[in-house]
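# Observations on chain architecture
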Amino acid sequence: MPPKKQTRGKAKRAALATHAALTAAHEAAVKRSDARVLLTEDAGFLEPEHELERTYKVQQRDLAAEHLDWTNRAKVFDLDLPQLGPYTVDYTRNGRHLLIGGHKGHLAAFDWKLGKLQCEVQLREPIRDVCWLHNETLFAVAQKDCAYIYDNTGLEVHRMKKHKAPQRLTFLPYHFLLASIGDPGTLVYQDVSTGQIMAEHATKLGKCAAMTQNPWNAIIHCGHGNGTVTLWSPNSGAPLVKVLAHRGAVTSVAVNPTGHIMATGGLDGQVKLWDLRNAYAPLHAYFSRTPAADLSFSQRGLLAVAWGSHATVWKDAAGPEKVQSPYMTHHIPGAMPVTRVRFAPYEDVLGVGHAKGISSLVVPGAGEPNFDALEANPYATKKMRREAEVKQLLDKLPADTIAIDPNVIGALVSKKDDRALRVPGTKYHGTAPDQQKSRQDPASAMDVDGEPNAEDDGTEEGEGGEDDAREKNRKKGRGSSMKKYLRKQKNVMDAKKKRILDQIDRERAERDRRRRGISAEEIASPLDRFKAKKR
Amino acid sequence: MKVKAITRTEAAFTRETVGDLYKQQRNLDPALHPFEKGREYVRAVSAAKVERMLAKPFVDALSGHVDGVYAMAKHPTVLDRLYSGSADGEVRIWSLAQRKTTLAIPHAHRGIVKGIAAVPSSNSFLSCGTDRVVKLWSTDTDEDAHPDPAVPVSTFIGRNAFNALDHHRRQNMFATAGVAVELWDHDRSNPVQTYSWGTDTVSSIRFNHTETSVFASTSTDRAIILYDTRMSQPLKKLLLDLASNSVCWNPMEPYRFAVANEDHNAYYFDMRNLDRAVNIFKDHVSAVLDLDFSPTGKELVTGAYDKTLRIYDVQSGHSRDVYHTKRMQRLWAVRFSMDAKYVLSASDDGNIRLWKAEAAATTGVMNARQKASVEAAHAVVAKYKHLDGVRKIVKSRKVPKAIKNAAHLKRVMLDARKKKDNNVRKHAKNPDLVRPRVPEREKHIVGTQD
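Quick notes on the rules
Residues numbered from 1 in each chain as written. Chains lettered and ligands numbered in written order. Predicted model: local features only at pLDDT ≥ 70, side-chain atom pairs only at ≥ 80, totals over all residues. Heavy atoms only, no water. UniProt positions renumbered as here; feature names shortened; annotations may be inferred. Helix = DSSP H or I, 4+ residues; strand = E, 2+ residues; numbered from the N terminus. Phe/Tyr/Trp six-rings, centres within 6.5 Å; stacked < 30°, edge-to-face > 60°. Buried < 20%, exposed > 50% of the residue type's maximum accessible area, 1.4 Å probe, protein only. Lys NZ or Arg CZ within 6 Å of the ring centre and 35° of its normal. Core = buried A, V, L, I, M, F, W, Y, C linked by side-chain atoms within 4.5 Å.

The name given to chain B in an unreviewed UniProt entry is Sof1-like protein domain-containing protein, with Allomyces macrogynus as the source organism. Annotation of chain B in UniProt includes, under Subcellular location (unreviewed entry), the sentence "Nucleus, Nucleolus". On record in UniProt, under Sequence similarities (unreviewed entry), the comment for chain B is "Belongs to the WD repeat DCAF13/WDSOF1 family."

Looking at an unreviewed UniProt entry, one finds chain A named U three protein 7, with Allomyces macrogynus as its source organism. In the Subcellular location (unreviewed entry) part of its UniProt record, chain A is described as follows: "Nucleus, Nucleolus". Recorded in UniProt for chain A, the comment headed Function (unreviewed entry) runs: "Involved in nucleolar processing of pre-18S ribosomal RNA."

Below, the structure is given as structure tokens:
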């Protein structure tokens, strides 16, 4: 029976931990509810007035003509660029600026609300993906041979050779990490503030053209040709999780902003939804006539699917019941393929990149109406942008802290707990902490087995664990390390040693013979009869 | 079809005129603030580092005394004034704002000035020395009666050398420590009361400024004796393992006092229950010579023979900060300033040094934004100070090598003794008989007497 004190301590600790978690959650909830009265804007909606009306029947031109006010009418537009290849689009974090890149090398960045062009360049190289960095002053482009970083004036700033033949780029804003994956199937993480390559992971699953980040925990999700989706962090050489998603290649992956739901599209025509916080359980599977070329979640959980020459938006796709019909759909005739769908943050707008240029659609209820000025401010002035940049850099999270559970920092866990790597609900999958690359973990959780201020106490618990790994020194101060090494080397046999031993044997035999008076010549040999006898 | 899309009016989010403030809209939804803990942790690390970078506690050295300064006193109500006495008999009054001497009396005593005390609510002060004399000085000059401040107003002659001196908070009464403790009145040339308990000399004496008739003394026979001016006999006697060098009362908790002991610790006692120390302040590696409480009653400063000054929080057992300089020799007197912002140290080398109580604090007035930023930094560091990364930065202090080695040696020796104790207890038939467990706070107390 375990001694009483230990269990009491354990139970108390567990109780403390639960209490702390509950209090924190409760406090956060209370704060949220208290502060809600200060939120000024309301979310958008599209609701049918009577039973026979269907939301997916509403066209953009109808919306623009009848229902929307003048500010939103201006947000429905098309940029007709049919010769320069299918386009890829990206919005900045505050939803203010739009970056478009055509497959034939056309690159343009502009403030889409004001219609103000920042830069327009012809790169004369295929552009596979474009990605804004931390604000509208820098962006990254995945070109044919490697990734490049450009200024907002279109000036090339960096050529990043380590990102070879990238297909997809993504930027982790809180860690300042640019991640890319491409033809060689290597996932490269680079810190864009220092330029250091944080990790290069060989996925060994071939070319990868589907990649996205999980905004909640900064884990990269890659979709591969064998139908698996792998989850990566810069701290582990092996994928943290592998999910077998499709019967065929995975064409696109998306994760919702709260990190609960992953949507994957495959060549098998399925769009599947997975619950990331509940053992990667599959939620629903929807059928799409053409494989989904791109998927994207909006801030309020709407899922946009790019398939064929259509862009379709689904509402509550991951809800308790499977949704029978989409929320909205948009068809662009002749614009096969639709390559990219991206929601503009804090706006009810969906940007669609397709073969004939780009389209901007209004999707009521997509964006978060109330932004937080200290996170991303669509109305930031130049001064505010600069201050925000400095603050972002000061608050930059170290890449070592990227883990499946981002809330491990400061939590009460015991020393041997690998909660950071463990996937909730599944059997532990991942490399053990001591097998990872040695980098000092700055955010180690408080050790519950030892005491926080253990200065007065004599022995520390940590030393016992260390000794188990090394061989125990039982010599009580008498044996030296040289003696130990030599003792161990005695039984090691290699060619050189063998030669030396053979020579020693021969010399001993020779000495023996000489002592006994037998010379080498007197030893009888079968060939003696052929020797000329010397007199 | 009911349709509404997000529409924002520019005016609500931008300013109208240059003189206006920008409106910063906030949304506390956690979905918009990922990595809260991680970002807070990073901020805690940065804040801790910045605090260490800005930690420049040394303000100034008041030099003037030729010989080592052994006695120092602050005025309880005048913030600017400091009195000091040195080994060559010189007494000085300092202005801390201007950081220079306002009055220097070179031959105040013929021996070492052992004790000095301010007379509260007046401009006079007392000094005593090994020349068996207590002198009352006053900076209020009167053309007829007292024209020269360098001439004492009155002199009290005792039979033996005086070791320490302190003045009553309200009444015109002071107590001296020498062979015995004597209570004097300004108008009488002989002591009003003599208290004697024990055989050895009394090394220090201090009045309680809150419970004003109570005072305490420490003597070389390891005793700490509590007295009341209204009684003819001492109240209580407390015996510790080693002798105490100084005693000081907590101004905010009048029943509690701290003693600076020879065994490198400072002990904090409650006079109502002397069987157990309330707290023990460890960290010095040599005898603690003097200590003083902050007027807030939450912190105390100690000066030790190991040439360092340590500031403790009353609730914790280890120092919050340590100050040292190559030029500063043994510390014989330390005082906390009455605005709780500065700490004064008087040492062997003849200098009185002025230090900031909070090493990284800015002197002077902070505007509201600065204050908020400093408070935010403190709050975030406090939230994560138990984590390795932050703790190492917060605790890191450069300490002279001699002290680091001495502390290491002390630790090794104490750990060895503790380990042996544990082993003996583990293998003994009757462990409580062989090695009874005594709490650390009771271990060093020999006994009490009434």
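After presenting the structure, the write-up continues.
Attention shifts here to the UniProt feature "domain: Sof1-like protein" (unreviewed entry) in chain B. With numbering aligned to this structure, UniProt lists the feature "domain: Sof1-like protein" (unreviewed entry) at residues 357–445 of chain B. Split by type, residues 357–445 of chain B is 67% helix and 1% strand. Its first and last C-alpha atoms lie 31 Å apart.

We now examine the UniProt feature "repeat: WD" (unreviewed entry) in chain B. Residues and elements named next belong to chain B. Under the local residue numbering, the UniProt record ascribes the feature "repeat: WD" (unreviewed entry) to residues 62–104, 106–147, 281–322 and 324–365. Regarding residues 106–147, the helix share stands at 0% and the strand share at 43%, and the terminal C-alpha atoms are separated by 18 Å. Annotated as 0% helix and 43% strand, the span residues 324–365 places its first and last C-alpha atoms 27 Å apart.

One pass over the full model with this rule turns up 31 aromatic pairs over all chains. Centre to centre, the rings of Tyr41 of chain B and Tyr384 of chain B are 6.1 Å apart; their planes meet at 85°, and the pair counts as edge-to-face. Taken as a pair, Tyr41 of chain B in helix H2 (residues 36–53) and Tyr384 of chain B in helix H3 (residues 368–384) lie far apart in primary sequence, 343 residues in all. Judged by its relative accessible area of 2%, Tyr384 of chain B falls in the buried class. When the centroid spacing of 6.0 Å and the interplanar angle of 70° are considered together, the rings of Tyr195 of chain B and Phe215 of chain B count as edge-to-face. You can see Tyr195 of chain B sitting in strand S14 (residues 193–195) and its partner Phe215 of chain B sitting in strand S16 (residues 214–219), a full 20 residues away along the chain. With respect to class, Tyr195 of chain B is no different from Phe215 of chain B; both count as buried. The ring centre of Tyr379 of chain A lies 5.8 Å from the NZ or CZ of Lys113 of chain A, which sits over that ring.

Before going further, it helps to examine the UniProt feature "repeat: WD" (unreviewed entry) in chain A. Here, the residues flagged by UniProt with the feature "repeat: WD" (unreviewed entry) are residues 243–278 of chain A. For residues 243–278 of chain A, the helix share is 0%, the strand share is 56%, and the end-to-end C-alpha distance is 13 Å.

What follows is about the nonpolar core. Residue and element names in this part refer to chain A. Formed by 36 residues in total, the largest nonpolar core has its most connected members in Leu187, Tyr189, Ile220 and Val229. Elements that contribute at least two residues to this core include exactly strand S12 (177–182), strand S13 (186–191), strand S14 (197–202), strand S15 (210–213), strand S16 (220–223), strand S17 (228–232), strand S18 (241–244) and strand S19 (250–255). Grouped together as the second largest cluster of nonpolar side chains are 25 residues, Leu63, Leu302, Phe343 and Leu350 included.

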